[in-house]
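Chain by chain, the residues:
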Amino acid sequence: MEQELLAEMKKVFTEKFGAEETRSYFSPGRVNLIGEHTDYNGGHVFPCAISLGTYALVADRKDTKTRIYSMNLADKGVIEFEMSGLSYDKAKNWANYPMGVVSVFEQAGHKCSHGFDIVINGTLPNGSGLSSSASLEVLTAVILNEAFGFGLDMVEMVKLSQKAENVFVGVNCGIMDQFAVGMGKQDCAILLDCNTLDYRYSKIALKDASIVISNTNKPHSLASSAYNVRRAQCEHALNELKEVKPELNALGELSNEEFNKLAGHISEPLERQRARHAVCENNRTMEAVAALESDDVEKFGKLMNDSHFSLRDDYDVTGKELDTLAELAWQQDGVIGSRMTGAGFGGCTVSLVKNSAIPAFKENCRQGLYGKDRLCTELLCCKHC
Ligand code: GLA
């Protein structure tokens, strides 16, 4: 499968750029099992890398120009950019992600002395909340690091990739996606403390169940502005709490009890709600990981459901499609838990489903979502651990 995909890419590369010697790269996507909208609140996340991702075929050029072509966005054609002095350019469309990485590398003193010819082919559905952009950013970082021998370690590349998205693309995302993409390990999820970047791997052992990712096929295209609003609401709530608790650095530092005592100091009810999600979701994530590590898969599943409720009711980032898909999952036999994953407003759900129930699960979801065959349900991550 991978060989075929690379052979197809090679053909396209030759058509677009000529028969040069190429190197191949792969960067995964990610699915977050629990811990949503906690990363930029200094909390914990629990994502894993998945086997869908972004492939690149790359050849060096002698000049300082890069030509890049995506087989997924063929209508955008070959996009060109210089390797120095870049700024965001709407006309360059998706290429702003790799351009952003080149730009933050340059600002960090890692100047790229030549450009590349690159063909991209992604197996992640765009806008599905499985981090196709982080996958492309980390991929670019690895290509640059290797080509120029910058000697950066993966965490440094992860941070630069996040910076590219924040300052170049203008989405004020946290670090979860780039971290999961860069640091993911087979059959493991990562428990990451986004306040300190301390992390550890946790083996995903689900006995007779699997992780199932289901796509609503509603792209979360409006997500960035609503995302930035959620983030600003949490920051404002934190600032009000700091007035009564100056030593507080992040919502992720609070227990649920502490939050309940302090919550009255957040003046806006909506912001109180947003902050409550951030605090409870963080504590829920730690509880869920502890449950999984003591083999209590059922409890993990229940906490996934609670996470969805909180994202729906307090954080308001689910929407009709994700709610429909989660509700469909909850009704079915053999579903241990189900929730939206990623930023929300569309994209995917992640469910834990007993292996024996998966065929029926796929069929029921397919029929249930508006009764149309528009759902791609994939069994991607961690297979049958
Ligand atoms: C997006 C962001 C992440 C994270 C999630 C929500 O994927 O890129 O940093 O905030 O949303 O958990």
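Here is what the cut-offs are and how they apply
- Residues numbered from 1 in each chain as written.
- Predicted model: local features only at pLDDT ≥ 70, side-chain atom pairs only at ≥ 80, totals over all residues.
- Heavy atoms only, no water.
- Helix = DSSP H or I, 4+ residues; strand = E, 2+ residues; numbered from the N terminus.
- Buried < 20%, exposed > 50% of the residue type's maximum accessible area, 1.4 Å probe, protein only.
- Contact = heavy atoms within 4.5 Å.
- Areas by Shrake-Rupley, 256 points an atom, 1.4 Å probe, with all protein chains shown as cover.
- Lys, Arg positive; Asp, Glu negative; His and termini not counted.
- Charge placed at Lys NZ, Arg CZ, Asp CG, Glu CD.
- Near = heavy atom within 4 Å.
- Polar contact = N/O pair within 3.5 Å; in protein donor to acceptor, adjacent residues only side chain to side chain.
- Nonpolar A, V, L, I, M, F, W, Y, C, P; charged D, E, K, R; others polar.
- Domains from an automatic or database assignment.
- Pairing = 2+ DSSP bridges.
- Axes fitted to C-alpha atoms, helices over the stretch in contact; angles between N-to-C directions.
- Buried area = accessible area lost by both parts, 1.4 Å probe.
- Salt bridge = Lys/Arg side-chain N within 4 Å of Asp/Glu carboxyl O.
- Parallel < 35°, antiparallel > 145°, perpendicular 65-115°, else oblique.
- Left-handed = near helix turned anticlockwise from the far one by under 90°.

(A) View of the overall build of the protein. Helix and strand counts for the protein come out as 11 helices and 12 strands. Reported as C-alpha extents along the three principal axes, the dimensions of the protein are approximately 60 × 50 × 35 Å. Within the protein, the proportion of its 385 residues that are buried is 57%. Residue pairs in contact within the protein that sit at least 24 positions apart in sequence constitute 71% of those at least 6 positions apart. Here the protein displays about 15800 Å² of accessible surface, and carbon together with sulfur accounts for 48% of that area. Charged side chains in the protein number 40 positive and 52 negative. The centres of these two groups are separated by 3 Å.

(B) Quick look at the site of the ligand. The local shell around the ligand consists of Arg30, Glu36, His37, Asp39, Tyr40, Cys173, Gly174, Met176, Asp177, Tyr227, Gly342 and Ala343. A distance of 3.1 Å separates an oxygen atom of the ligand from a polar side-chain atom of arginine 30. Residue histidine 37 places a main-chain N or O atom 2.7 Å away from an oxygen atom belonging to the ligand. Tallied by class, the residues present in the shell around the ligand amount to five nonpolar, three polar and four charged. Composition of the shell around the ligand by domain shows at least three residues from each of domain 1 (2–41 + 49–185) and domain 2 (209–384).

(C) A look at the sheet that holds strand β7 (residues 188–193). Strand order in the open sheet formed by three strands is β2-β7-β8, and the pairing between neighbours is antiparallel. Looking along the sheet, the strands with just one partner apiece sit at the ends: β2 (44–45) and β8 (199–203). Relative to β8, β7 runs antiparallel, the two sharing five bridges. Pairing of alanine 189 across the sheet is with serine 202, part of β8. Packed onto the sheet, helix α5 (residues 176–183) meets β2, β7 and β8 and runs at close to 140 degrees relative to β7.

(D) Representation of the domain arrangement of the protein in the model. Structurally, the protein comprises domain 1 (2–41 + 49–185) and domain 2 (209–384). The straight-line distance from the C-alpha centre of domain 1 to that of domain 2 is 27 Å. On the domain 2 side, the residues contacting the 26 residues of domain 1 number 39 residues. Summing both partners gives a buried area of about 2500 Å² for domain 1 against domain 2, and 63% of it is carried by carbon and sulfur. When residues of domain 1 are sorted by the area they lose upon contact with domain 2, Ile34, His37 and Asn41 head the list and together hold 27% of the total. Counting every contact that joins domain 1 to domain 2 gives one salt bridge.

(E) View of the packing of helix α2 (residues 96–107) against helix α3 (residues 132–148). Where α2 meets α3, the closest approach of the two axes is 9 Å, and the angle between their N-to-C directions is 45 degrees. With respect to α3, the axis of α2 lies oblique. Where α2 crosses over α3, the two elements pack in a sense that is right-handed. Contact residues: α2 offers Tyr97, Pro98, Val101, Val102 and Phe105, while α3 offers Ser133, Leu136, Glu137, Thr140, Ala141, Leu144 and Asn145. The residue makeup of the contact of α2 with α3, split by class, is eight nonpolar, three polar and one charged.

(F) Main features of the sheet that holds strand β4 (residues 65–70). Across the sheet, five strands lie side by side as β1-β3-β6-β4-β5; this open sheet has mixed pairing. Either end of the sheet is taken by a strand with one partner, and the two such strands are β1 (23–32) and β5 (79–82). The sheet shows a mean angle of 25 degrees between the axes of neighbouring strands, taken without regard to direction. The pairing of strand β3 (residues 47–60) with strand β6 (residues 116–122) spans seven bridges and is classified as antiparallel. Each residue of the ladder has a partner; that of threonine 54, found in β6, is glycine 122. Contacting β1, β3, β4 and β6, helix α1 (residues 2–17) runs over the sheet at an angle of about 140 degrees to β6. Sheet strands touched by α5: β1 and β3. Its angle to β1, the strand with the most contacts, is close to 130 degrees.

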